[in-house]
Amino acid sequence: MIEVKGLSKRFGQLQALNDVSFTVEKGQIVGFLGANGAGKTTTMDILCGCIGADAGSAIIAGHDITEQPIEAKKRLGYLPDVPPLHLEMTVDDFVSYAAKLHQVPINALNTRVNDTLQRLALTDVRHRLVGNLSKGYRQRVALAQAIVHDPEVLVLDEPTEGLDPAQIVQIRELIRSLGGKHTILLSSHILSEVQNTCDRIVIINKGRIVTQGTYDELTRDLSQGKVFRLRVARSVNDALTRVKGMSGIVHARIEDDHGADAIEFGLEKSASENAPEDVVRAVMDGGFGFRELRQKTKSLEEVFFQVTK
Ligand code: ATP
């Protein structure tokens, strides 16, 4: 489990983090989203004990990263923004070195290294120098050093950065396979990646957490009770006039992009819970032939732009 409570960090005049709090439950994968400069790397660097916070605390698997750094770091794997690679070492040597740094017992070392190389499809390049590998392979080596000691908690700063589409799919699957057993916080700019990989999403903007929840909660919450698509069997223009005249309706229009039988309507925020049912009843009573009523939700992209603008 990761618990971040009230983190604040200032760089000179710049308040990079302001009272940042969130939790990643055991076994969950949480996506950390934010525009460039929002504070993702700063948060992750504090979480992993690379830099100190001005206020607040970060707890890794029950151990405070400032008060019990050794216990916390034993349970932590970190893929930083700029991976700590030794370009002059072979892949094999580097991953073994990382395993030793993470105190993997000597009798388990070879097995752990072999398993990790296999998991990341690095076995074929194990004898090559890290510095001679392509960017995508280097990123996999960086990921290998983060998982080689089988840590309970993984913090991954843009793990698919620089990878080609096939590798992105592979790494995404790997991360998904690590979820459940491992607790994972990953940052990304790729909204579809977060949507497909993560159980929950935390969005940060200008150093503050602006929203968090599951994908469904985020896309539903911001549009709840607001916008609906209504389909009728006949006389769509008359049906539109009828809906427009009802109380609690903010707007109503023919939805051109969904065929001529669809009406989009928005409800006032204070509209009664029964308002959508009232619309359906009015459509049926008016003889327009009710076909479908569906609440329209926002995409993660729309949510992101709404909360970070
Ligand atoms: P990106 O997606 O571009 O990596 P980010 O969300 O990870 O962005 P951070 O790297 O955490 O953002 O930076 C947050 C803010 O803090 C930025 O304005 C950045 O310039 C500033 N910052 C980060 N580290 C330092 C530092 N060591 N000294 C001064 N300013 C810093």
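Quantities reported herein were computed from a predicted structural model and do not represent experimental measurements.

**Section: the side chain of Arg-126**
Inference 1: Mapped onto the fold, Arg-126 is located in the loop between helix H4 (106-119) and helix H5 (135-147).
Inference 2: Here Arg-126 is in contact with Thr-90, Val-91, Asp-92, Val-113, Asn-114 and Leu-117, once residues within four sequence places are set aside.

**A few points about helix H9 (residues 236-244)**
Inference 1: Those residues of H9 that sit buried are Val-236, Ala-239, Leu-240 and Val-243. Down the axis of H9, the sector holding all buried residues measures 105 degrees, keeping them to one side. Away from its buried face by more than 90 degrees, H9 exposes Asn-237 and Thr-241.

**Quick look at the domain arrangement of the protein chain**
Inference 1: We note that the domain assignment places domain 1 (2-220) and domain 2 (225-298) within the protein chain.
Inference 2: In this structure, domain 1 and domain 2 have C-alpha centres spaced 46 Å apart.

**Concerning the environment of Gln-170**
Inference 1: Within the fold, Gln-170 resides in helix H6 (residues 165-178).
Inference 2: Given the relative accessible area of 39%, Gln-170 is considered partly exposed.
Inference 3: In this structure the C-alpha to C-alpha distance between Gln-170 and Leu-300, which are 130 residues apart in sequence, comes to 23 Å.

**With respect to the packing of H5 against H6**
The description of two helices packed together rests on the angle between their axes and the distance between the axes.
Inference 1: Running from N to C, H5 and H6 point in directions that differ by 10 degrees, and their axes come no closer than 11 Å. Relative to H6, H5 is oriented roughly parallel. Contacts between H5 and H6 involve Gly-136, Arg-140, Leu-143 and Ile-147 from the former and Gln-167, Gln-170, Ile-171, Leu-174 and Leu-178 from the latter.
Inference 2: For the contact of H5 with H6, the per-class residue count stands at five nonpolar, three polar and one charged.

**What to know about the sheet that holds strand S11 (residues 227-232)**
Inference 1: Here four strands make up an open sheet; going across it, the order is S12-S13-S11-S14 and the pairing antiparallel. Looking at strand neighbours, the two that pair on one side only are strand S12 (249-254) and strand S14 (290-295), the edges of this open sheet. Averaged over all pairs of adjacent strands, the angle between strand axes in this sheet comes to 20 degrees, irrespective of strand direction.
Inference 2: Sheet topology places S11 next to S14; five bridges connect them, and they run antiparallel.

**Brief notes about unusual backbone geometry**
Inference 1: The backbone phi angle of Glu-158 is positive, close to 50 degrees, even though this residue is not glycine.
Inference 2: Its location among the elements puts Glu-158 in the loop between strand S7 (153-157) and H6.
Inference 3: The buried category is assigned to Glu-158, whose relative accessible area is 12%.

Rules and cut-offs
- Residues numbered from 1 in each chain as written.
- Predicted model: local features only at pLDDT ≥ 70, side-chain atom pairs only at ≥ 80, totals over all residues.
- Heavy atoms only, no water.
- Helix = DSSP H or I, 4+ residues; strand = E, 2+ residues; numbered from the N terminus.
- Contact = heavy atoms within 4.5 Å.
- Buried < 20%, exposed > 50% of the residue type's maximum accessible area, 1.4 Å probe, protein only.
- Arc of directions from axis to C-beta.
- Domains from an automatic or database assignment.
- Axes fitted to C-alpha atoms, helices over the stretch in contact; angles between N-to-C directions.
- Parallel < 35°, antiparallel > 145°, perpendicular 65-115°, else oblique.
- Nonpolar A, V, L, I, M, F, W, Y, C, P; charged D, E, K, R; others polar.
- Pairing = 2+ DSSP bridges.

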